[in-house]
Amino acid sequence: MDDCVYCKIANKTLPSYILYEDNDIICVLDILPPSKGSFLIFPKLHIEDYTILSDEINQKMITIAKYISIILKNKLKFNGLNILLSSGETGQRYKHIVIQVIPRFKDDNIRISFNRFREDPSFLEELKNYITAELIKMSQQYLNSEKKEEKKETKKDIDYKLLNQWFEKRI
Ligand SMILES: [Zn+2]
């Protein structure tokens, strides 16, 4: 995208303080940081929809967030951390997927606020059932595609064994 600031940083049209880069992602210091040491991680390609991001890039981004946080903690002695991933329409100027890592310090006056509401318990129950059923379906599809389907066990409870196997294979 021509007017996207993240694309410009990724293709070096804009100068930046690069902390890490490879073929897929880039990590830079935030030049307008909400707190000292804040940094940004984003895919080099202009991807707006988090749900279509590859598992590999997703994992790379969160892994580099962790390791740079370890290094920064030694230097800046921050007391906490917020990690904010934005993609698509979130009120941001650019829709490019970006992870902001924001070190938090005592009395830093940063307010991250949400207008919370009491959700309807029947909707929570319905949503929980829908999501867990879909997760199981997803993991079964994945394992089937790997041709490593195990004996199907019929259980009333949610079978997290398959999910665990799925996650293990993806890491
Ligand atoms: Zn972009």
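Keep in mind it's a predicted model, so treat the numbers as computed, not measured.

All right, on to helix α2 (residues 55-76) then. Compared with an ideal rise of 1.5 Å per residue, which puts 22 residues at 32 Å, α2 spans 31 Å between its outermost C-alpha atoms and is within 8% of the ideal. Along α2, the residues classified as buried are Ile57, Met61, Ile64, Ala65, Ile68, Ser69 and Leu72. Taken together, the buried residues of α2 touch β1 (18-21), β2 (25-29), β3 (39-43), β4 (80-86) and β5 (98-104). Residue lysine 77 follows α2 closely and has a positive phi angle near 55 degrees.

Here we take up the domain arrangement of the protein. Accessible area lost when the parts come together is the quantity often used to give the size of an interface. Partitioning the protein into domains gives domain 1 (5-104) and domain 2 (121-170). Relative to domain 2, the C-alpha centre of domain 1 lies at a distance of 31 Å.

This brings us to the coordination of the zinc ion. The protein atoms that coordinate the zinc ion are Cys4 (SG), Cys7 (SG), His46 (ND1) and His96 (ND1), at distances of 2.0 to 2.4 Å. Geometry at the zinc ion is tetrahedral, judged from its four donor atoms and the angles of 103 to 118 degrees they form at the metal. Counting along the primary sequence, the residues that act as donors to the zinc ion give the motif C-x2-C-x38-H-x49-H. With cysteine 4 in the segment before α1 (5-10) and histidine 46 in the loop between β3 and α2, this residue pair connects regions lying 42 residues apart in the sequence.

The grouping of Tyr17, Leu19, Tyr20, Leu29, Ile31 and Leu32 at the surface amounts to a nonpolar patch, some 640 Å² of accessible area in total. Mapped onto the fold, leucine 32 is located in the loop between β2 and β3. Relative accessible area serves as the criterion here: at 73%, leucine 32 is assigned to the exposed category.

Pairing is antiparallel in the open sheet, where five strands are placed in the order β1-β2-β3-β5-β4. The open sheet is flanked by β1 and β4, the only strands paired with a single partner. Each strand axis lies, on average, 15 degrees off the axis of its neighbour in the sheet, ignoring direction. Where α2 meets the sheet, it contacts β1, β2, β3, β4 and β5, and its direction lies at approximately 165 degrees from that of β3.

In terms of burial, β5 is largely enclosed, as seven of its seven residues are buried. In this sheet, β5 lies alongside β3 in antiparallel orientation, the contact comprising three bridges. In the strand pairing of β5, leucine 40 is matched with glutamine 100. Pairing between β4 and β5: seven bridges, direction antiparallel. Paired with asparagine 82 across the strands is isoleucine 102, a residue of β5.

With the rule as written, the count across this model stands at zero disulfides. Of all cysteine sulfurs in the structure, the one in cysteine 4 sits closest to cysteine 27, which takes part in no disulfide; the separation is 16 Å.

Parameters at a glance
Residues take numbers from 1 onward in each chain, read along the sequence in its written order. Totals for whole chains, interfaces and linings use every residue, but because this is a predicted model, local features are given only for residues with pLDDT of at least 70 and side-chain atom pairs only at 80 or more, for both listing and counting. Think of the side-chain values as coming from all heavy atoms in the structure, minus any hydrogens and water. Elements are defined by DSSP. Helices are runs of H or I of four residues or more, strands are runs of E of two residues or more, and each kind is numbered from the N terminus. One less than the residue count of a helix, multiplied by 1.5 Å, gives the span that helix is expected to have. Burial classes follow relative accessibility: with a 1.4 Å probe on protein chains only, a residue under 20% of its type's maximum area counts as buried, one over 50% as exposed, and anything between as partly exposed. Should any heavy atoms of two residues lie within 4.5 Å, those residues are counted as being in contact. The domain limits used here are those given by an automatic or database domain assignment. Coordination shells were defined by N, O and S atoms within 2.8 Å of each metal, extended to 3.2 Å for Na, K and Ca; water is absent from the atom set, which can make sites look incomplete. For four-coordinate sites, all angles between 85 and 135 degrees define a tetrahedron; for four- and six-coordinate sites, opposite donors beyond 155 degrees with the remaining angles between 65 and 115 define square planar and octahedral shapes respectively, and all other cases count as irregular. Patch members must show over 30% relative accessible area and no salt bridge, and they are joined within 9 Å when carrying like charges or within 5 Å when they are nonpolar side chains of Val, Leu, Ile, Met, Phe, Trp or Tyr. For every accessible area listed, the method is Shrake-Rupley and the probe measures 1.4 Å; residues are considered covered only by the protein chains on display. What counts as a salt bridge is simple: a side-chain nitrogen of Lys or Arg found within 4 Å of a carboxyl oxygen of Asp or Glu. When DSSP locates at least two bridges between a pair of strands, those strands are taken to pair. Whenever a helix is involved, its axis is fitted only over the stretch in contact; in every case the axis is a line through C-alpha atoms, and angles between N-to-C directions fall within 0 to 180 degrees. Criterion for a disulfide: a pair of cysteine sulfur atoms at a distance within 2.5 Å.

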